[in-house]
Amino acid sequence: MKRSALASANLARHACAMRFPCLLAALGIVIVTPASARDAPAPQQLRGTVDKLVSFGTRHSLSSSSDSKRGIGAARNWVAGEFAALSRKCGGCITVERLSRRFTGPRAPDGVMIEDVLGIQKGSDPNRYVIVGGHIDSRVSDVMNATADAPGANDDASGVALVLEAARILSREKFAANIVYVAFSGEEQGLWGATLLAETAKARGWQIDAMLNNDIVGNSIGQDGVKVADHVRVFSEGIRSSETLAEQIERRAIGGEDDGPSRALAKAIQRIASDMPGGFAAFVDRRPDRFGRGGDHEPFLREGYPAVRFTVGAENWDRQHQDLRTENGRVYGDTVDGMDFDYLAKVTAINVATLAQLAAAPAAPGGVTLAGALGRDTTVKWSPSPGARGYRVHWRRADQQDWTNTRDLTGATSIVLKDVPVDDNFVGVSAIGADGSESVITFGGRSTAK
């Protein structure tokens with residue numbers, strides 16, 4: 001599809017503006033570096049981070065929090081130090097924060113202090129946030145074994161390495177939304193670190209536009225040698241787990257089962273990946289997580305935030321949650337030699353591009369409503385999105401999963417789509433920023449007007 005006149009004009013203004021960064025900064029105008037000008041994620045940098053995390057021996061949530069060389073405490077201290085070092089390089093653009101709370105449960109019957117390490121990159125909008133995370137804790141076959149070596153290379157030093165690499169690249173730019181880079185603890189004990197941050201965000205009144213959970217994102221060879229090197233899976237819920245029964249009934253009535261906020265986020269990631277060179281795809285897996293399993297995005301879903309999980313295309317279960325051993329010539333254990341850092345770099349690139357676009361774009365429009373029953377035309381209305389320079393109205397026939405038609409508008413928050421019957425078409429609206437960045441699409445529902 002050809003780029004719209006609005007997007008072309010925005011890109012032209014952006015290209016001109018890039019020549020005058022100091023003046024624009026003085027005027028308070030946010031400039032986003034084009035993706036083509038960003039550093040590509042570095043496989044060797046990612047490997048260095050994974051090697052360092054593995055060197056702590058175990059990162060079990062019940063391991064030592066005070067030993068300077070071994071255990072989860074030493075690993076968390078190191079990550080905090082990496083965020084601080086990045087902040088010094090960008091003039092203090094990242095604030096390091098360490099959230100902690102004591103949790104008790106079947107996998108920590110005596111209780112354990114769970115701590116998340118955050119690097120918060122301040123944006124121009126104090127209320128909006130996008131989050132990228134991975135869990136720092138590791139385990140072996142016995143989830144209660146806090147002393148055995150548990151390298152946790154792919155599960156989930158790969159995710160933490162991705163988070164640090166995203167921070168290294170994006171800390172050089174300015175965005176509208178705040179970006180939160182986080183290493184969660186307590187994932188293996190019960191998603192406790194993610195619960196801590198999701199509940200903290202709710203208490204602080206954060207508007208979270210997207211949460212990207214990266215867990216097991218660093219291998220291309222799966223169980224029994226299956227190779228999947230051309231895509232990463234992106235898991236997302238359709239109907240929100242936080243919806244009330246009335247809201248679920250309404251979503252069913254408007255046909256929005258495949259267009260809830262998290263599914264819309266997954267589709268946006270898929271589009272962003274498809275526009276990137278190299279042919280590495282984001283595979284939208286239409287369920288909240290792998291069958292019968294879970295991850296750190298789920299506490300955010302419970303709080304009503306859009307959240308998805310990135311996971312490799314083919315898992316190797318011999319290298320997850322296993323004691324280090326070899327049995328009958330078969331190697332078990334989550335070690336670095338089972339990883340593919342070129343693959344991890346590609347997953348990182350999709351995360352970076354997604355974070356950059358959503359953090360640069362205005363918030364998704366709210367209150368998108370449709371009217372047009374008993375007619376051939378559909379009237380679309382929506383609430384203004386602060387900072388939007390325009391809006392993009394999307395529609396598709398009701399038998400299609402992907403948006404097929406668009407129309408761009410400036411200076412308006414409504415449109416009549418002529419000869420687009422509401423009975424046979426789905427409609428959504430996104431907000432467009434000054435640099436052409438596009439928000440996630442908000443699905444259109446029924447108007448309450450009489």
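Presented here is an overview of the structure given in this document. (Residues numbered from 1 in each chain as written. Predicted model: local features only at pLDDT ≥ 70, side-chain atom pairs only at ≥ 80, totals over all residues. Heavy atoms only, no water.)

### Remarks on the state of the cysteines
Per the stated rule, a full pass over the model turns up 1 disulfide. The disulfide that involves Cys90 links it to Cys93, with 2.0 Å between the sulfurs. One disulfide, between Cys90 and Cys93, carries an S-S torsion of -90 degrees and so falls in the left-handed class. Given the relative accessible area of 13%, Cys93 is considered buried. (Disulfide = S-S within 2.5 Å. Buried < 20%, exposed > 50% of the residue type's maximum accessible area, 1.4 Å probe, protein only.)

### Some words on the pairing of strand 6 (residues 231–235)
Both faces of the sheet carry side chains from a regular strand, because those side chains alternate between them. The buried fraction of strand 6 amounts to 5 of the 5 residues, a majority that puts the element mostly inside the structure. As paired strands, strand 6 and strand 7 (residues 281–285) are joined by 5 bridges and run parallel to one another. Pairing of Val232 across the sheet is with Ala282, part of strand 7. Here strand 6 pairs with strand 8 (residues 307–312) via 4 bridges, running antiparallel. Looking across to strand 8, one finds that Phe235 is bridged to Arg309. (Helix = DSSP H or I, 4+ residues; strand = E, 2+ residues; numbered from the N terminus. Pairing = 2+ DSSP bridges.)

### Some words on the sheet that holds strand 3 (residues 128–135)
The pairing of strands in a sheet comes from backbone hydrogen bonds and takes either a parallel or an antiparallel form. In space, the 8 strands of this open sheet follow the order 1-2-4-3-5-8-6-7, with mixed pairing throughout. The sheet is open, and its two borders are formed by strand 1 (94–105) and strand 7, each paired with just one other strand. On average, each strand axis in the sheet is tilted by 25 degrees relative to the strand beside it, whichever way the strands run. Bridging between strand 5 (residues 207–214) and strand 8 involves 4 bridges; their strand directions are parallel. Considered in strand 8, the bridge of Asn213 is made with Arg309. Along the sheet, helix 7 (residues 192–204) contacts strand 1, strand 2 (108–121), strand 3, strand 4 (178–184) and strand 5; its crossing angle with strand 1, the most-contacted strand, is approximately 115 degrees. Contacts between helix 9 (residues 261–274) and the sheet are confined to strand 5, strand 6, strand 7 and strand 8, with strand 7 contributing the most and set at about 160 degrees to the helix. (Axes fitted to C-alpha atoms, helices over the stretch in contact; angles between N-to-C directions. Contact = heavy atoms within 4.5 Å.)

### Examining the packing of aromatic side chains
Summed over the entire model, instances satisfying the criterion amount to 7 aromatic pairs. Between Tyr129 and Trp206, the ring centres sit 4.0 Å apart and the planes meet at 15 degrees, which makes this aromatic pair stacked. One end of the pair, Tyr129, is in strand 3; the other, Trp206, is in the loop between helix 7 and strand 5, and 77 residues separate them in sequence. Look at Tyr129 and you get buried, because its relative accessible area is 7%. Accessibility expressed as a relative area gives 9% for Trp206, which makes it buried. Its guanidinium or amino end placed over the ring of Tyr332, Arg325 lies 4.1 Å from that ring's centre, counting from NZ or CZ. (Phe/Tyr/Trp six-rings, centres within 6.5 Å; stacked < 30°, edge-to-face > 60°. Lys NZ or Arg CZ within 6 Å of the ring centre and 35° of its normal.)

### Brief notes about the pattern of salt bridges
The tally for this structure, following the rule as stated, stands at 34 salt bridges. Among the salt bridges present, the one from Arg128 reaches Asp209, with a minimum N-O distance of 2.7 Å. Taken as a pair, Arg128 in strand 3 and Asp209 in strand 5 lie far apart in primary sequence, 81 residues in all. One exposure class covers both Arg128 and Asp209, and it is buried. For the salt bridge of Asp224 with Arg330, the shortest nitrogen-to-oxygen distance reads 3.1 Å. Of the two residues, Asp224 is situated in the loop between strand 5 and strand 6 and Arg330 in strand 10 (residues 330–332); the sequence distance between them amounts to 106 residues. According to the relative accessible area criterion, Arg330 is partly exposed, its value standing at 34%. One salt-bridge network, in which partners are shared between bridges, spans Asp215, Arg233, Asp289, Arg290, Arg293, Arg309 and Glu315. (Salt bridge = Lys/Arg side-chain N within 4 Å of Asp/Glu carboxyl O.)

### Overview of the environment of Ser68
Its location among the elements puts Ser68 in the loop between helix 3 (43–54) and helix 4 (72–89). For Ser68, a relative accessible area of 61% puts it in the exposed group. Taking the C-alpha atoms as reference points, Ser68 and Trp78, 10 residues apart in sequence, are found 9.6 Å from one another.

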